[in-house]
Amino acid sequence: MDNHQSRRGFLQKSMAAGVGLALWNPSFSPAFSQNSDMQLGLVTYQWGKDWELPELIANCEESGLLGVELRTEHAHGVETNLSARQRREVKKRFADSPVTCLGYGSNFAYHYTDQAEVRENIEGTKQYLQLCKDIGATGIKVKPNGLPEEVSKEKTIAQIAASFNEVGRYASDLGQLVRVEVHGKLTQQLPNMKAIFDQVTEESVKICWNCNDQDLLPPGLEANFNSVKKWFGDTVHIRELNEGDYPYQKLMNLFTQMNYKGWILLEARTTPEDRIAAMKEQLRLFNAMTKE
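Bear in mind the structure is a predicted one, so any value in this text is a computation, not a measurement. (Residues numbered from 1 in each chain as written. Predicted model: local features only at pLDDT ≥ 70, side-chain atom pairs only at ≥ 80, totals over all residues. Heavy atoms only, no water.)

**Considering the nonpolar core**
By size, the foremost hydrophobic cluster in this structure holds 78 residues, and its most contacted members are F164, F197, W209 and I238. For this core, the element with the most residues is helix α6 (residues 153-174), which contributes seven residues. When neighbours within four sequence positions are excluded, F197 is seen to be in contact with F164, V180, V205, K206, I207 and W231. (Core = buried A, V, L, I, M, F, W, Y, C linked by side-chain atoms within 4.5 Å. Buried < 20%, exposed > 50% of the residue type's maximum accessible area, 1.4 Å probe, protein only. Helix = DSSP H or I, 4+ residues; strand = E, 2+ residues; numbered from the N terminus. Contact = heavy atoms within 4.5 Å.)

**Some thoughts on the sheet that holds strand β7 (residues 235-238)**
Across the sheet, which stays open at both edges, the eight strands sit in the order β6-β5-β4-β3-β2-β1-β8-β7 with parallel pairing between neighbours. Edge positions in the sheet fall to β6 (205-208) and β7, since each has one partner strand and no second. Sheet twist, expressed as the average angle between the axes of neighbouring strands with direction ignored, equals 30 degrees. Across the sheet, helix α5 (residues 115-134) touches β3 (100-105), β4 (139-142) and β5 (177-181), and the angle it forms with β4 is around 145 degrees. (Pairing = 2+ DSSP bridges. Axes fitted to C-alpha atoms, helices over the stretch in contact; angles between N-to-C directions.)

**A short note on helix α10 (residues 275-290)**
In this model, α10 (16 residues) spans 22 Å end to end at C-alpha, consistent with the 22 Å of a helix rising 1.5 Å per residue. Contacts from the buried residues of α10 go to β1 (39-43), α3 (53-63), α9 (248-257) and β8 (263-266). For α10, the capping residue at the N-terminal end is D274, with a side-chain oxygen 3.2 Å from the backbone nitrogen of I276. (Expected span 1.5 Å × (residues − 1). Polar contact = N/O pair within 3.5 Å; in protein donor to acceptor, adjacent residues only side chain to side chain.)

**Details of the pairing of strand β2 (residues 67-71)**
A regular strand carries its side chains on alternate faces of the sheet. Burial within β2 is extensive, with five of its five residues counted as buried. Going residue by residue along β2, you find G67, E69 and R71 tucked away on one face and V68 and L70 tucked away on the opposite face as well. By the bridge criterion, two bridges tie β1 to β2 in an arrangement that is parallel. Pairing of L42 across the sheet is with V68, part of β2. Examined bridge by bridge, β2 and β3 share five bridges and lie parallel to one another. Within β3, the residue paired with E69 across the bridge is G103. Taken together, β2, helix α4 (residues 84-95) and β3 constitute a β-α-β crossover, and its handedness is right-handed. (Right-handed = clockwise from strand over helix to strand, strands pointing away.)

**Re the pattern of salt bridges**
With the rule as written, the count across this model stands at 18 salt bridges. In this structure, R85 and E89 form a salt bridge, with 2.6 Å as the shortest nitrogen-oxygen distance. Taken together, the positions of R85 and E89, both in helix α4 and four residues apart, correspond to about one turn of that helix. Note that R239 and E267 form a salt bridge whose closest N and O atoms lie 2.7 Å from each other. Note that R239 is positioned in the loop between β7 and α9 and E267 in the loop between β8 and α10, a separation of 28 residues in sequence. (Salt bridge = Lys/Arg side-chain N within 4 Å of Asp/Glu carboxyl O.)

**Observations regarding the packing of α5 against α6**
Two elements in contact, α5 and α6, have axes separated by 10 Å at closest approach and are oriented at 25 degrees. The angle between α5 and α6 falls in the class roughly parallel. Crossing handedness for the pair α5 and α6: right-handed. In contact with Q115, V118, R119, I122, E123, T125, K126, L129, Q130 and K133 of α5, α6 contributes Q159, S163, E166, V167, Y170, A171 and L174. Split into classes, the residues belonging to the contact of α5 with α6 amount to seven nonpolar, five polar and five charged. (Parallel < 35°, antiparallel > 145°, perpendicular 65-115°, else oblique. Left-handed = near helix turned anticlockwise from the far one by under 90°. Nonpolar A, V, L, I, M, F, W, Y, C, P; charged D, E, K, R; others polar.)

**Observations concerning the environment of T138**
Position of T138 relative to the elements: it lies in the loop between α5 and β4. It is 9.0 Å that separates the C-alpha atoms of T138 and V178, two residues lying 40 residues apart in sequence. Filtering out sequence-adjacent residues up to four positions away, T138 remains in contact with C101, L102, Q176, L177, R179 and D234. In this structure the side chain of T138 is engaged in a polar contact, spanning 3.0 Å, whose partner is the backbone oxygen of L102.

Set out below in structure tokens:
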């Protein structure tokens, strides 16, 4: 067991012995459903974008959302310009807390017709994969972002898959994952995502379900879910569980049925006055939905 895990285990036992019992004992913890291995975490997309790293970690700890996906250009400032010393400091901050840094939520994509732009995104992905390794995280989120009209759909799908395979090989060498967000006007349609992954050969490349309206297109949520679930990784993006018409209860049932053991990450879009209270409320809703 490495020092990171040992320290985290020590923190877990220590907190359970004192006032932190409610956070760490699974029988009491709001962060872990008693009947599910799924855990609720946070994407810093909106609710955490203006929190510097110490505040972000403290707020995640207070709310019970004990996993976080960091986003680019946010106030936490975890970017590739960090020195080796600064990267070690970020890693230590997370290791000294109960909060897990899952990795980085990038905007890298590989659907472009300009091959220089594709290469730039591939090389950028590799740089941030190294950052993820250095800060003790486990992977990077990337995306396809469309199917350009000026080239054939089949050509772009093959290009995206080949790019995933290249960054996937690099990630595998670092012990990291490439988490592909189901994203983009056409690429977020599940048949197109499946067509991409039919050409992905690297085991380190996984799908990050993104709770899009397109999930509900014929033949429906369950059939679309089942068509790609063999490629699911360890992260899922959701929006607020009490906003909109997305069938979150049905989705949670599907994940429970497949014995999913990953993180469900809140990528919130609203602007509540008290974000920590809102995070706690989302955790309450999540636990209710995942309780058998």
